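# Fold and geometry: a report
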Amino acid sequence: MFIPHTDADRAAMLRSIGKSKLEDLFGDVPKKYRFPVLDLPPAQTEMEISAELQEMSLANESVRDLVCFLGAGAYNHYVPAAVDAIIRRGEFLTAYTPYQPELSQGTLQAIFEYQSNVAALTGMEVCNASHYDGATAVAEAVNMAYANFRGKRDKVILSPALHPQYRQTIRTYTEGSPIILIGDDEHADLKTSPDSLIQLIDSDTAVVIVQYPDFFGRIYDYTKLADAAHAVGALLAVSVNPIALGLFKTPGSMNADIVTGEGQPLGIPLSFGGPYLGLFATRKEFVRKMAGRLTGETIDNRGQKAYVLTLTAREQHIRREKATSNICTNQGLMALASTVYMSLLGKNGLRQVAELCFHKAHYAAERIANLPGYSLWSPTTFFNEFVIHCPAPASEINDLLLDHDILGGYDLSQDYPDLVNHILIAVTEMNACEQIDRLVEVLAEVNHG
Amino acid sequence: MNFPENLKYTESNEWINVEGKVATIGISDFAQDQLSDIVFAEVIVSVGDIVKKGDTIATIESVKAAADVYSPVSGKVLSVNEQLAGAPEVINTDPYGAAWIITIDLSNPAEENALLNAAAYDKLVQAHE
């Protein structure tokens with residue numbers, strides 16, 4: 001370890017603050033905690049540590065070892081090799097804000113393409129780059145909506161079918177603020193159409209937040225909800241799974257004002273705790289209320305195409321007291337990964353991925369629902385995820401599936417007390433037909449006891 | 001630099017025109033010149049709001065800087081210039097006319113006495129330069 005201060009430096013520093021020895025600096029820490037004896041094994045060499053960690057890592061089981069039917073916000077999609085090859089280039093391997101265009105043309109061009117792709121995908125006019133994940137992006141939508149009305153509207157309506165962890169994140173973000181969150185009481189009716197939220201909208205409402213597909217995988221048209229919100233001057237925010245937008249109509253075409261989403265399905269591998277990617281797009285009229293920065297295309301002094309940061313109206317380095325977010329340096333590398341993914345697939349490729357997910361999920365749902373003791377919870381159109389009512393608690397079913405090297409679905413009773421014995425199953429293009437058949441076989445065993 | 005005699009000014013570069021109990025507020029020629037090309041203006045109070053002297057009433061952004069506009073007086077907002085958001089550049093071209101920001105029904109007309117007249121404001125501006 002390199003410590004730049006010499007003993008003489010330290011003595012001089014202590015003298016100038018009137019202390020005689022280093023220990024005096026810790027006088028406020030209770031004595032018994034001051035210099036705890038750490039019961040650590042003897043120091044190991046790098047070679048030994050590397051071997052030990054390697055051994056520990058063998059205890060992990062990832063989606064390479066298991067067949068995965070778990071989704072609930074993060075999905076096991078194929079990541080083309082080119083994504084990794086491009087984002088690992090040294091020129092890209094920093095998330096830092098490219099304030100100097102003369103040094104950052106590649107990064108800025110990638111951000112510009114990211115913005116353009118996400119805007120096209122969501123059907124919105126402008127898009128920032130970016131937020132941490134789907135949960136924080138939707139919380140930023142609450143902040144933006146609240147700031148948009150300058151605090152004069154304090155009500156935010158949350159669909160109970162918005163991801164439970166996203167709702168928790170919104171609660172964390174808004175704790176201590178005057179914002180009132182309603183609509184997602186523990187026993188809210190989960191089976192009624194989202195239009196039932198309309199009765200909650202009033203002139204104090206800043207924003208209504210829904211998910212698309214919703215947490216249970218269902219697809220709803222939110223046009224009526226958007227119209228009802230707009231009728232009293234409120235906004236509609238939609239949290240999306242971007243893959244679904246390859247197949248279904250965009251939130252923009254439903255007149256949503258803000259679209260957020262988890263960008264992980266776009267070429268970012270599953271990992272515990274991220275890094276993931278928060279998508280955030282909105283209408284041009286709100287561009288100055290949006291957190292983060294916008295990259296624009298322009299012409300340089302030699303007449304060449306060039307990219308610059310064109311708008312950072314709400315970024316904290318401009319006017320901290322006016323910022324609506326503390327987002328600054330963020331998920332640039334993940335935004336790049338999603339840009340490469342979207343560029344490789346193109347519009348048709350994304351549609352193909354979405355269609356594969358849709359058809360495989362419907363095949364799985366139909367087969368499972370035909371098993372004795374199992375039934376599909378909702379008749380509503382779904383994308384690649386669906387809820388099954390099971391003959392046993394989801395946790396027991398998942399244990400059994402794990403014995404067969406299958407990572408089961410999401411146990412909904414964790415978040416929805418009324419959904420005991422309900423499991424949320426996700427299917428992607430990664431699930432071969434034989435994998436689905438194996439899932440069905442194991443589930444059939446449960447009922448036989 | 002143009003500072004009409006019939007207006008009063010503040011140290012934070014707003015102008016105010018008082019007629020009876022009604023005051024019209026904007027930003028001075030000096031303020032618009034310092035900001036340079038104005039690209040965005042947002043009035044952040046609404047008709048009927050009660051504002052106190054010193055409250056922020058608008059935000060103006062130019063290609064160079066962003067600035068808040070403060071109310072020189074207290075009272076109730078009577079009207080807001082709805083045209084500004086769509087044409088913020090009038091703050092550069094016509095700061096004392098088309099670029100008025102709000103009108104206020106004064107609750108304490110005596111506050112006007114503490115403001116600068118054109119000569120005093122001109123002196124202040126000279127000192128800045």
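Residues numbered from 1 in each chain as written. Chains lettered and ligands numbered in written order. Predicted model: local features only at pLDDT ≥ 70, side-chain atom pairs only at ≥ 80, totals over all residues.

### Quick notes on the overall build of chain B
Secondary structure assignment for chain B yields 3 helices and 9 strands. Sequence-ordered secondary structure for chain B, helices as α and strands as β, is β-β-β-α-β-β-β-β-β-α-β-α. At 13 Å, chain B has a C-alpha radius of gyration in line with the 14 Å of a compact globule built from 129 residues. The C-alpha extent of chain B, read off along each of the three principal axes, is 35 × 35 × 20 Å. Burial statistics for chain B: of 129 residues in total, 34% are counted as buried. Across chain B, the fraction of contacts at a sequence separation of at least 24, relative to all contacts at a separation of at least 6, is 65%. (Helix = DSSP H or I, 4+ residues; strand = E, 2+ residues; numbered from the N terminus. Rg over C-alpha atoms; globule rule 2.2 N^0.38 Å. Buried ≥ 20, exposed ≤ 12 C-beta atoms within 10 Å, placed from the backbone. Contact = placed C-beta atoms within 7 Å.)

### Observations concerning the sheet that holds strand β5 (residues 50–51) of chain B
All names here are of chain B. In space, the 6 strands of this open sheet follow the order β1-β2-β3-β9-β8-β5, with antiparallel pairing throughout. Among the strands making up the open sheet, the edge pair consists of β1 (8–9) and β5. Pairing between β1 and strand β2 (residues 14–19): 2 bridges, direction antiparallel. Bridge assignment links K8 to a residue of β2, and that residue is I16. (Pairing = 2+ DSSP bridges.)

### Comments concerning the domain arrangement of chain A
Residues and elements named next belong to chain A. For chain A, the assigned domains read domain 1 (67–76 + 347–448) and domain 2 (81–343). Put simply, the middle of domain 1 and the middle of domain 2, counted by C-alpha atoms, are 28 Å apart. Between domain 1 and domain 2, the contact holds 25 residues from the first and 21 residues from the second. Within the residue set of the side of domain 1 that touches domain 2, elements represented by two or more residues are α9 (332–369) and β12 (385–389). With 7 residues, the top contributor of residues to the side of domain 1 that touches domain 2 is α9. Residues of the side of domain 1 that touches domain 2, tallied by class, amount to 14 nonpolar, 6 polar and 5 charged. (Domains from an automatic or database assignment. Nonpolar A, V, L, I, M, F, W, Y, C, P; charged D, E, K, R; others polar.)

### Here we look at the packing of helix α6 (residues 134–148) of chain A against helix α7 (residues 164–174) of chain A
All names here are of chain A. The interhelical angle for the contact between α6 and α7, taken along N-to-C directions, is 45 degrees, at an axis separation of 8 Å. Taken together, the axis directions place α6 and α7 in an arrangement best described as oblique. For the pair α6 and α7, the sense of crossing is right-handed. Here α6 contributes G134, A135, T136, V138, A139, V142 and N143 to the contact with α7, which in turn contributes Q165, Y166, T169, I170, Y173 and T174. Looking at side-chain class alone, the contact of α6 with α7 contains 7 nonpolar, 6 polar and no charged residues. (Axes fitted to C-alpha atoms, helices over the stretch in contact; angles between N-to-C directions. Parallel < 35°, antiparallel > 145°, perpendicular 65-115°, else oblique. Left-handed = near helix turned anticlockwise from the far one by under 90°.)

### What about the nonpolar core?
Ranked by internal contacts, the top residues of the largest apolar core, which has 114 residues, are A141, V207, V208, I209, Y222, L236 and A237 of chain A. The dominant element in this core, judged by the number of residues it contributes, is α9 of chain A, at 16 residues. Each of two domains, domain 1 (67–76 + 347–448) and domain 2 (81–343) of chain A, supplies a minimum of three residues to this core. Look past the residues within four positions of L236 of chain A in its chain and what remains in contact with it is V208, Y222, L225, A226, A229, A256 and D257 of chain A. Ranked by size, the runner-up nonpolar core spans 30 residues in total, among them I25, I57, A58 and W100 of chain B. (Core = buried A, V, L, I, M, F, W, Y, C linked by C-beta atoms within 7 Å.)

### Examining unusual backbone geometry
All names here are of chain A. Omega for the peptide link from A129 to S130 comes to 15 degrees, which places this bond in the cis form. Mapped onto the secondary structure, S130 falls in the loop between β2 (126–127) and α6. Residues Y212 and P213 are joined by a peptide bond in cis, for which omega reads -10 degrees. Tracing the chain through its elements places P213 in the loop between β5 (205–212) and α8 (223–231). A positive phi angle is found at A72, which is not glycine, with a value near 55 degrees. Here A72 shows up in the loop between β1 (67–68) and α4 (81–87). Take A72: there are 21 C-beta atoms within 10 Å of it, and that puts it in the buried class. For N255, which is not glycine, the phi torsion reads 70 degrees and is therefore positive.

### A closer look at the sheet that holds strand β15 (residues 422–426) of chain A
Residues and elements named next belong to chain A. Taking strand neighbours across the sheet as the criterion, the 4 strands line up as β11-β12-β15-β14 in an open arrangement whose pairing is antiparallel. Edge positions in the sheet fall to β11 (375–376) and β14 (410–411), since each of these pairs with one other strand and no more. Where β11 meets β12, 2 bridges bridge the pair, whose relative direction is antiparallel. Paired with L376 across the strands is I388, a residue of β12. α9 rests against β11, β12 and β15 of the sheet, and its axis sits at about 5 degrees to β12.

### Side note on the pairing of β12 of chain A
Residue and element names in this part refer to chain A. In terms of burial, β12 is largely enclosed, as 4 of its 5 residues are buried. Looking at chain direction, β12 and β15 are connected through 5 bridges and run antiparallel. Across the sheet, residue H389 finds its bridge partner in β15, namely H422.

### Concerning the environment of S62 of chain B
Residues and elements named next belong to chain B. Within the secondary structure, S62 is located in strand β6 (residues 56–62). Residue class for S62 comes out partly exposed when judged on the 19 C-beta atoms lying within 10 Å of it. For S62 and S36, which are 26 residues apart along the polypeptide, the C-alpha to C-alpha distance reads 6.3 Å. Discounting chain neighbours no more than four positions away, the residues touching S62 are L35, S36, D37, I38 and V39.

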